[in-house]
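Below are the chains, spelled out letter by letter.
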2 protein chains.
Amino acid sequence: MSITTKKVIQIGVVSELTGLTERQIRYYEDRKLIFPDRSKGRVRKYSFEDIQKIMDIHTKLTDGYQTVELKRMLAGT
Amino acid sequence: MSITTKKVIQIGVVSELTGLTERQIRYYEDRKLIFPDRSKGRVRKYSFEDIQKIMDIHTKLTDGYQTVELKRMLAGT
DNA sequence: CGTGTAAGGAATTCTGACACG
DNA sequence: CGTGTAAGGAATTCTGACACG
């Protein structure tokens, strides 16, 4: 596992880096588009790669796509 | 600034990754050996590079060096 | 000197829900 | 559908101090 895929960043930092709200970030997870790890205390941990994905997801949503469609795209179908 | 120098990791994760206690990590900062960023709420943020440094510091301490000497070494003197 | 610990407070995150449109 | 928000609780982190040796 490289540095880009290591899930070590908490949602507050992800929010800062992406410019999105925690609500949006959690929603993308709810929609099965991203899969952060969890600490023992249930706290979400993201990787730099996740951050890339999140920004990509948001861009696509802005472009008019829906999360269900994005999920299909990720599945490669 | 690359991914390795981006300070986004909190002390709990650093503790897990290095195997050191938060006490040790904070002490190295007190001794001016590492310089984490701070969030608005005073929470420390470390980079992957910091994690490397921390492990190196601990190894050197185990080897018998003192923090003052390590500081000199970092300063290149 | 480097590290452990108990103490109390502050910042951060979590979940489930109601709201809008 | 995607996102905002108020609510209460839980996990995380912070500082300063006392302890040991």
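Conventions we followed
- Residues numbered from 1 in each chain as written.
- Chains lettered and ligands numbered in written order.
- Predicted model: local features only at pLDDT ≥ 70, side-chain atom pairs only at ≥ 80, totals over all residues.
- Heavy atoms only, no water.
- Helix = DSSP H or I, 4+ residues; strand = E, 2+ residues; numbered from the N terminus.
- Rg over C-alpha atoms; globule rule 2.2 N^0.38 Å.
- Buried < 20%, exposed > 50% of the residue type's maximum accessible area, 1.4 Å probe, protein only.
- Contact = heavy atoms within 4.5 Å.
- Phe/Tyr/Trp six-rings, centres within 6.5 Å; stacked < 30°, edge-to-face > 60°.
- Arc of directions from axis to C-beta.
- Near = heavy atom within 4 Å.
- Polar contact = N/O pair within 3.5 Å; in protein donor to acceptor, adjacent residues only side chain to side chain.
- UniProt positions renumbered as here; feature names shortened; annotations may be inferred.
- Core = buried A, V, L, I, M, F, W, Y, C linked by side-chain atoms within 4.5 Å.
- Least-squares fit on C-alpha atoms with pLDDT ≥ 70 in both.

If you look chain A up in an unreviewed UniProt entry, it shows as MerR family transcriptional regulator from Paenibacillus aestuarii.

What follows covers the overall build of chain A. Helix and strand content of chain A: four helices and two strands. Each helix and strand of chain A, ordered N terminal to C terminal, gives the series α-α-β-β-α-α. The C-alpha radius of gyration computed for chain A amounts to 12 Å, which stays within 12% of the reference 11 Å derived for 77 residues, consistent with globular compactness. Once the C-alpha set of chain A is aligned to its principal axes, its extents read approximately 35 × 25 × 20 Å. Taken across its 77 residues, chain A has 35% of its residues classed as buried. The contacts of chain A with a sequence gap of at least 6 include a subset with a gap of at least 24, amounting to 59%.

The next subject is the packing of aromatic side chains. Counting across every chain of the model gives one aromatic pair over all chains. Summarising the aromatic geometry, the rings of Phe48 of chain A and Phe48 of chain B are spaced 6.3 Å apart at their centres and angled 45 degrees between planes, so their arrangement reads as tilted. A residue pair is termed interchain when its members come from two chains, as with Phe48 of chain A in helix H3 (residues 48–62) and Phe48 of chain B in helix H3 (residues 48–62). There is no split in this pair, since Phe48 of chain A and Phe48 of chain B are both buried.

Residues and elements named next belong to chain B. All buried positions along helix H2 (residues 22–30) are accounted for by Ile25, Tyr28 and Glu29. The arc that holds every buried residue of H2, seen down its axis, measures 105 degrees, which confines them to one face. Next to the buried residues of H2 lie helix H1 (11–18), strand S1 (37–38), strand S2 (44–45) and H3. Two residues or fewer past H2, Lys32 is found with a positive phi of approximately 65 degrees.

A separate point is the protein's contact with DNA strand C. The immediate surroundings of DNA strand C are formed by 22 residues, with Arg44 of chain A together with Thr21, Arg23, Tyr27 and Thr67 of chain B found nearest. Here the atoms of DNA strand C within 4 Å of the protein split so that 75% fall in sugar or phosphate, with bases taking the remainder. Here Gly41 of chain B contributes a backbone N or O atom positioned 3.5 Å from a phosphate oxygen of DNA strand C. By residue number, the principal contributor to the surface near DNA strand C is H2 of chain B, which donates four residues.

Another aspect to go through is the UniProt feature "domain: HTH merR-type" (unreviewed entry) in chain A. With numbering aligned to this structure, UniProt lists the feature "domain: HTH merR-type" (unreviewed entry) at residues 8–76 of chain A. The straight-line gap between the two end C-alpha atoms of residues 8–76 of chain A is 27 Å; of that span, 59% is helix and 6% is strand.

Okay, the environment of Ala75 of chain B next. Inspection of the secondary structure puts Ala75 of chain B in helix H4 (residues 67–75). Between the alpha carbons of Ala75 of chain B and Tyr28 of chain B there is a distance of 15 Å; along the sequence they are 47 residues apart.

On to the nonpolar core, then. Ile9, Ile25 and Ile54 of chain A together with Ile9, Ile25 and Ile54 of chain B are the most contacted members of the largest nonpolar core, which totals 32 residues. Elements represented by at least two residues in this core include exactly helix H1 (11–18), helix H2 (22–30) and H3 of chain A together with H1, H2 and H3 of chain B. Discounting chain neighbours no more than four positions away, the residues touching Ile25 of chain B are Ile11, Val14, Ser15, Thr18, Leu20, Ile34, Tyr46 and Ile54 of chain B.

Expressed as a screw operation, the relation of chain B to chain A combines 0.0 Å of axial shift with a rotation of 180 degrees, fitting to an RMSD of 0.0 Å. Within this description, the copies of the chain are treated as partners about a two-fold rotation axis. Across chain B, the smallest distance between a C-alpha and the rotation axis is recorded for Ile9 of chain B, namely 2.8 Å. Residue by residue, 100% of the interface of chain B is reproduced at the interface of chain A, so both copies engage with the same surface.

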